[in-house]
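Notes for the structure review
Spelled out, the chains give:
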Amino acid sequence: MLSTILLTATFIPLLLQFPAFDPIAIRLGPLAIRWYALAYIGGIVIGWLYARSIIRTEKLWGGRAPMTTLDFDDFILWVTLGIILGGRTGYVLFYNLDFFIAHPAQIFELWNGGMSFHGGFLGCVIAVLAFGYHRKIPVLSLGDVTCAVGPIGLLLGRLANFVNGELWGRPADPTLPWAMVFPTGGPVPRHPSQLYEAGLEGVLLFIILAVAIRCGALKRPGLIIGIFATCYGLARIAGEFFREPDPQLGFLWGGLTMGMILSAPMIVAGLTFIGVALRRGARNNEAS
């Protein structure tokens, strides 16, 4: 009995209580701006500035980039719509279709949350194809720049998930020093999987892509797209082992989650893009 009490007392100090974050960052009278919205805005703005820097740096391209900073300025609206519309559509179709069939009006209530990365990624692909065709810009190079800045939004988005106390992890060993009790996750300590994903999908992926760019990846159109898709898919699958599945879906076939299933095709497509880009060779920059 005494040993049990001592063992319990040893574990208790290791359990972290979730900080009492206010999901609303700014209140202006009746207007409330949430951290999640700021994450989207910040990701787009910081990503836009980083993309402009990439486009202006000719040595990364082996000459002038196949697009101008003004082109990318105009593209921002297109890709923003792609992210929002694609992300919401993906969540409706992949994660909660039955609910939205019963409550179709709530599809448009974006302030209640519910976005899918994979849907947002498909929305970005459509935006890249449409804008590239419209402006006569090589879609692979435009996609490379878009993917290069993507981890910035992913990092901020996962941090916003943590602030909101949502998408928490699976139950963790109580001896894990950073195990955390989330207010909506019951009394059990859980993995702060949002922070794991922020590190993998945000920080690590950004570093990998930045190094690839510095090593000349932009000279091989489609290579950054391939690296992004492959590495994101692997990072997402790794993160899913610590993340609690959405309650309306739970575990699927063989213990897989929806995030794992949707990430597998990204890995296959990414490896294909990498192989084709490497076989094609470096871009012949006629504008240089």
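An unreviewed UniProt entry lists the chain under the name Phosphatidylglycerol--prolipoprotein diacylglyceryl transferase, with Afipia felis given as the organism. The UniProt entry for the chain carries the following text under Function (unreviewed entry): "Catalyzes the transfer of the diacylglyceryl group from phosphatidylglycerol to the sulfhydryl group of the N-terminal cysteine of a prolipoprotein, the first step in the formation of mature lipoproteins." Recorded in UniProt under Sequence similarities (unreviewed entry), the annotation for the chain is "Belongs to the Lgt family."

Before going further, it helps to spend a moment on the overall build of the chain. Helix and strand counts for the chain stand at nine helices and four strands. Shown N-terminal to C-terminal, the secondary structure of the chain runs as helices and strands in the order α-β-β-β-α-α-α-α-α-β-α-α-α. The C-alpha radius of gyration of the chain comes to 21 Å, within 12% of the 19 Å expected for a compact globule of 288 residues. Taking the principal axes of its C-alpha atoms as reference, the chain extends roughly 80 × 45 × 40 Å. Counting only residues that meet the buried cut, the chain has 43% of its 288 residues in that class. Taking the intrachain contacts of the chain between residues at least 6 apart in sequence as the baseline, contacts between residues at least 24 apart amount to 71%. Here the chain has roughly 14900 Å² of accessible surface; of this, 72% comes from carbon and sulfur atoms. Side-chain charges of the chain comprise 20 positive and 16 negative groups, with the mean position of each set lying 9 Å from the other.

What follows is about the packing of helix α5 (residues 117-135) against helix α6 (residues 139-163). For the pair α5 and α6, interaxial distance at closest approach is 10 Å and the crossing angle is 145°. Of the two elements, α5 crosses α6, and the hand of that crossing is right-handed. In this structure, α5 contributes Phe117, Phe121, Val128, Leu129, Phe131, Gly132 and Tyr133 to the contact, and α6 contributes Val139, Leu142, Gly143, Thr146, Cys147 and Leu154. Taken together, the residues that form the contact of α5 with α6 break down as ten nonpolar, three polar and no charged.

One non-glycine residue, Lys136, adopts positive backbone phi at about 60°. For Lys136, the position within the fold is in the loop between α5 and α6. Its identity as a non-glycine residue notwithstanding, Leu167 has a phi of 55°, on the positive side. As for its position among the elements, Leu167 is in the loop between α6 and β4 (180-181).

Scoring rules and cut-offs
- Residues numbered from 1 in each chain as written.
- Predicted model: local features only at pLDDT ≥ 70, side-chain atom pairs only at ≥ 80, totals over all residues.
- Heavy atoms only, no water.
- UniProt positions renumbered as here; feature names shortened; annotations may be inferred.
- Helix = DSSP H or I, 4+ residues; strand = E, 2+ residues; numbered from the N terminus.
- Rg over C-alpha atoms; globule rule 2.2 N^0.38 Å.
- Buried < 20%, exposed > 50% of the residue type's maximum accessible area, 1.4 Å probe, protein only.
- Contact = heavy atoms within 4.5 Å.
- Areas by Shrake-Rupley, 256 points an atom, 1.4 Å probe, with all protein chains shown as cover.
- Lys, Arg positive; Asp, Glu negative; His and termini not counted.
- Charge placed at Lys NZ, Arg CZ, Asp CG, Glu CD.
- Axes fitted to C-alpha atoms, helices over the stretch in contact; angles between N-to-C directions.
- Left-handed = near helix turned anticlockwise from the far one by under 90°.
- Nonpolar A, V, L, I, M, F, W, Y, C, P; charged D, E, K, R; others polar.

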